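# Fold and contact review
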Amino acid sequence: MGVAVGGGGGDPLTERAALMRESLQKSQTITDNVVSILGSFDHRLSALETAMRPTQIRTHSIRKAHENIDKTLKAAEVVLSQFDIFRQAEAKILKGPHEDLESYLAAIDQLRNNLRFFTSNKSFKSTDTVLNNANTLLAKAISKLEEEFKQLLASYSKPVEPDRLFECLPSSLRPSTGSPGHQGDSGGNNPPHMHSDHHNGNLENAVYTPPTLIPPRILPLLHDLALQMIHAGHQQQLVKDYRDTRSTVLEESLRKLGVEKLSKEDVQRMQWELLEAKIGNWIHFMRIAVKLLFAGERKVCDQIFEGFDSLRDQCFADVTASSVTVLLSFGEAIARSKRSPEKLFVLLDMYEIMRELHSEIEALFKGKACSEIRESALGLTKRLAQTAQETFGDFEEAVEKDATKTAVSDGTVHPLTSYVINYVKFLFDYQSTLKQLFQEFENGDDTSQLASVTMRIMQALQINLEGKSKQYKDAALTHLFLMNNIHYMVRSVRRSEAKDLLGDDWVQRHRRVVQQHANQYKRNAWAKILQCLSIQGLTSSGGSSAAGVGGDGNSSGASRALVKDRFKTFNMQFEELHQKQSQWTVPDTELRESLRLAVAEVLLPAYRSFVKRFGPLVETGKAPQKYIKYSAEDLERMLGEFFEGKTNEPRR
């Protein structure tokens, strides 16, 4: 079916299409115009950029220039500030350290920083000049520091007075009067007098308070001064200054205390009593030196040279070396001097103090710089031990071979016996010391070694006493002498620690020896006089003309003349015995009474029996008192005068 198109009327679709076409053409025209305009802009912008480029370059250069100017100004400010620091440090240094030491030390630190700055910035024209000036100024500053160190150290370094040192000791070691070590002399036949502080149990835990040698407030200043000198490379000068000042003061402190510089020859020439007193003093001086003066010196040294261990040890060694040498050389002189028995105990005392101080010496004199001092102290300890042991051996031999002609006319305890026994008793005061001594050289049980030595000494004494007893012409006195001396040995052992060491067997065995000598004395002294009281030989075989008295037959057959002669002989012999034996001595009261009683128990019954039986023959004759001079009571009383060690005339 077809559509008819009218010629007069418009088609709406066609109209719309025409409008759209027209609109598109306009849009294309506008687009072309915009593109043309944008193209024009691009051309203009390129031209503008080309025109602006020189201006941008100039602006960047100006900004860079400003940055460089800022950097230069800042660098200049740093340099100028370093110049200011130099001038400030210079002003303080030129004033010297005495008025304000802290500011002076701060100025030196500033100057060192100054030097470091200019050393690392050598591009400045004036750097070399500045460095020369700064180094010159630093050298002057350190020189003034050295003077200040020496002056400050010297002004506060004073010798310590003895009284102040004594106050630092435990109360048990403080001297009451006179010299701190003087102990008096030994006197008599006793071994050397033991020092008053020997084996004082309190000493092990005693408190020693080292004196303040330099005020605490001064030590930090000295430390700071020393630090600056070390940093400046003046270490050797520092050590020398410190040593010269402190060593002199230490030596003076010891001199005031009484320490003397004695040579081996001085020691050898010295009388024993004086030497013994000096040894006693030396023991006190060693204790004071190590525990107080050296300990105080170490404390000062450690604080001044804190942080410099090797330097600290070197300075301490340098300061103390001379004083240590003086003290140890005296000990060496004693240890090397001629040995003699009386020196054993002082050698043990000296050995003991060196052992006591060993750990403190090791702690104080630590480090390589002090090794020589440590070795010297240990060497002396070993030398004393060796000499003491050799003296021990000498003593045993000397006891056995003692040839003293000292006559003990009364048979009492010989001086050698009391000397040896006191010697042995004193040995037990040194048990711990002797134990250490035996350990130095020998192996085995130390207690048995001491027992063995003691037994050998006792045996040596007995052998010697046996020899001395042969000097007596009277056999009774020989046995009395041995009885007295061995009894003294036994009694002394029983009352001392030696009993535990020697044992009950030794005591019992020697008590029997004492009894044997007592019996031998009685036999030799009284057998002859007891023979006078025997009836043997009084009767004649053919009967006597002297008839029995009273018809009792008691004296039957006895000769009056023989009876009178017996009484006369008895009287004469008893008087002789009394005369002689009242001058003899039995020093022990108990032993003396026991011996008198033993004699009385034999003599008095025999005398009473004789008088009872034969007295009547004499009493009926002329002058009976001429024959019966003594009653039994008289004899008993006179026996009570025996062994008193004095002259007594016989009395009725």
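Thresholds, definitions, all that
Residues numbered from 1 in each chain as written. Predicted model: local features only at pLDDT ≥ 70, side-chain atom pairs only at ≥ 80, totals over all residues. Heavy atoms only, no water. UniProt positions renumbered as here; feature names shortened; annotations may be inferred. Helix = DSSP H or I, 4+ residues; strand = E, 2+ residues; numbered from the N terminus. Contact = heavy atoms within 4.5 Å. Areas by Shrake-Rupley, 256 points an atom, 1.4 Å probe, with all protein chains shown as cover. Axes fitted to C-alpha atoms, helices over the stretch in contact; angles between N-to-C directions. Parallel < 35°, antiparallel > 145°, perpendicular 65-115°, else oblique. Left-handed = near helix turned anticlockwise from the far one by under 90°. Nonpolar A, V, L, I, M, F, W, Y, C, P; charged D, E, K, R; others polar. Salt bridge = Lys/Arg side-chain N within 4 Å of Asp/Glu carboxyl O. Buried < 20%, exposed > 50% of the residue type's maximum accessible area, 1.4 Å probe, protein only. Arc of directions from axis to C-beta. Disulfide = S-S within 2.5 Å. Patch = residues over 30% accessible without salt bridge, like charges linked within 9 Å, V, L, I, M, F, W, Y side chains within 5 Å. Lys, Arg positive; Asp, Glu negative; His and termini not counted. Charge placed at Lys NZ, Arg CZ, Asp CG, Glu CD. Phe/Tyr/Trp six-rings, centres within 6.5 Å; stacked < 30°, edge-to-face > 60°. Polar contact = N/O pair within 3.5 Å; in protein donor to acceptor, adjacent residues only side chain to side chain. 1 Å grid on protein atoms, 1.4 Å probe; cavity = no way out; pocket = protein on both sides within 12 Å on 5 of 7 lines; lining within 4 Å. Points joined across faces, edges and corners; volume = space filled by probe spheres on them.

- In the annotation of an unreviewed UniProt entry, the entry for the chain reads Exocyst subunit Exo70 family protein, and the organism field reads Corymbia citriodora subsp. variegata.
- The Function (unreviewed entry) field of the UniProt record for the chain holds the comment "Component of the exocyst complex."
- Its UniProt record gives the chain the following Sequence similarities (unreviewed entry) comment, quoted word for word: "Belongs to the EXO70 family."

## Here's the deal with the overall build of the chain
- For the chain, the count of helices and strands is 19 helices and 0 strands.
- Taking the intrachain contacts of the chain between residues at least 6 apart in sequence as the baseline, contacts between residues at least 24 apart amount to 81%.
- As displayed, the chain has an accessible area near 34900 Å², and 51% of this comes from carbon and sulfur atoms.

## What to know about the packing of helix α17 (residues 560-581) against helix α19 (residues 632-639)
- The N-to-C vectors of α17 and α19 enclose an angle of 20°; their axes lie 11 Å apart at closest approach. As the angle between them shows, α17 and α19 are arranged roughly parallel. Two packed elements cross with a definite hand, and for α17 against α19 that hand is left-handed. Across the interface between the two elements, Phe570, Phe574 and His578 of α17 pack against Leu635, Met638 and Leu639 of α19.
- Class assignment for the residues of the contact of α17 with α19 results in 5 nonpolar, 1 polar and no charged.

## Observations regarding the pattern of salt bridges
- Scanning the entire structure with this criterion turns up 28 salt bridges.
- The residue Asp505 makes a salt bridge to Arg509 at a minimum N-O spacing of 2.8 Å. Residue Asp505 and its partner Arg509 are located together in helix α16 (residues 498-532), separated by 4 residues, close to a single helical turn.
- Ionic pairing is found between Lys629 and Glu575, a salt bridge with its closest N-O pair at 2.8 Å. With Lys629 in the loop between α18 (589-619) and α19 and Glu575 in helix α17, this residue pair connects regions lying 54 residues apart in the sequence.

## Considerations on α19
- Looking at α19, one finds that the buried residues are Ala632, Asp634, Leu635, Met638 and Leu639. Within α19, the buried residues cover an arc of 160° as seen down the axis, which keeps them to one side.

## Section: the state of the cysteines
- Summed over all chains, the structure comprises 0 disulfides.
- Cys315 forms no disulfide, and the closest cysteine sulfur to it belongs to Cys301, at a distance of 5.2 Å.

## Here's the deal with a positive patch on the surface
- A surface patch of like charges, here positive, comprises Lys425, Arg494, Arg495 and Arg511.
- Within the secondary structure layout, Arg495 lies in the loop between α15 (475-494) and α16.

## A word on the packing of aromatic side chains
- The final tally for this structure, using the stated rule, is 22 aromatic pairs.
- Consider the rings of Phe316 and Phe365, whose centres lie 4.9 Å apart with planes at 40°: the pair is tilted. Of this pair, Phe316 sits in helix α9 (residues 309-336) while Phe365 is found in the loop between α10 (344-364) and α11 (371-401), placing the two residues 49 residues apart along the sequence.
- A relative accessible area of 0% places Phe316 in the buried class.
- For Phe365, a relative accessible area of 2% gives the class buried.
- Aromatic pair Phe392 and Phe438: ring centres 6.5 Å apart, planes at 20°, arrangement stacked.

## Some details on the packing of α9 against α11
- Two numbers describe how α9 lies on α11: the axes approach to 10 Å, and their chain directions differ by 10°. With respect to each other, α9 and α11 are oriented roughly parallel. For the pair α9 and α11, the contacting residues are Ala317, Thr320, Ala321, Val324, Leu328, Gly331, Glu332, Ala335 and Arg336 in the first and Ile373, Ser376, Ala377, Gly379, Leu380, Arg383, Leu384 and Thr387 in the second.
- The class makeup of the residues in the contact of α9 with α11 is 9 nonpolar, 5 polar and 3 charged.

## A short note on the environment of Gln581
- Mapped onto the fold, Gln581 is located in helix α17.
- Residue Gln581 is classed as buried on the basis of its relative accessible area of 1%.
- Reaching out from Gln581, the side chain makes a polar contact with the side chain of Tyr521 at a distance of 2.3 Å.

## Details of the side chain of Lys468
- Tracing the chain through its elements places Lys468 in helix α14 (residues 446-469).
- The class for Lys468 is buried, based on a relative accessible area of 6%.
- Those residues in contact with Lys468 that sit more than four places away from it in its chain are Asp402, Ala403, Thr404, His414, Leu416 and Phe481.

## Looking at empty space enclosed by the protein
- This model, assessed by the stated rule, comprises 6 cavities of 30 Å³ or more.
- Considered as a void within the structure, the largest cavity measures approximately 70 Å³ in volume.
- Lining the largest cavity, in full, are Met286, Val290, Phe294, Val324, Leu327, Leu328, Ile361, Phe365, Ile373 and Ala377.
- Of all the secondary-structure elements, those providing two or more residues to the lining of the largest cavity are α8 (272-304), α9 and α11.
- Looking at side-chain class alone, the lining of the largest cavity contains 10 nonpolar, no polar and no charged residues.
- By volume, the second largest cavity amounts to about 40 Å³.
- Along the walls of the second largest cavity sit Met354, His358, Ile361, Glu362, Arg374, Ala377, Leu378 and Thr381, which together make up its complete lining.
- Those elements giving two or more residues to the lining of the second largest cavity turn out to be α10 and α11.
- For the lining of the second largest cavity, the class distribution of residues is 4 nonpolar, 2 polar and 2 charged.

## Digging into the environment of Asp163
- Its location among the elements puts Asp163 in helix α4 (residues 162-167).
- With 12 residues separating them in the primary sequence, Asp163 and Pro175 have C-alpha atoms 9.5 Å apart.

## Side note on unusual backbone geometry
- Of note in this structure, Phe643 is not a glycine but carries a positive phi near 65°.
- Positionally, Phe643 belongs in the segment after α19.

## Side note on the environment of Tyr351
- With respect to the element layout, Tyr351 can be found in helix α10.
- The buried category is assigned to Tyr351, whose relative accessible area is 0%.
- Sequence separation between Tyr351 and Gln436 is 85 residues, and the spatial gap between their C-alpha atoms is 9.7 Å.
- Residues within four places of Tyr351 in sequence aside, it is in contact with Thr381, Leu384, Ala385, Thr433, Gln436, Leu437 and Glu440.

## Quick word on a nonpolar patch on the surface
- Where nonpolar side chains cluster on the molecular surface, the patch consists of Ile30, Val34, Ile37, Leu38 and Phe41 and spans about 480 Å² of accessible area.
- Along the chain, Val34 turns up in helix α1 (residues 12-95).

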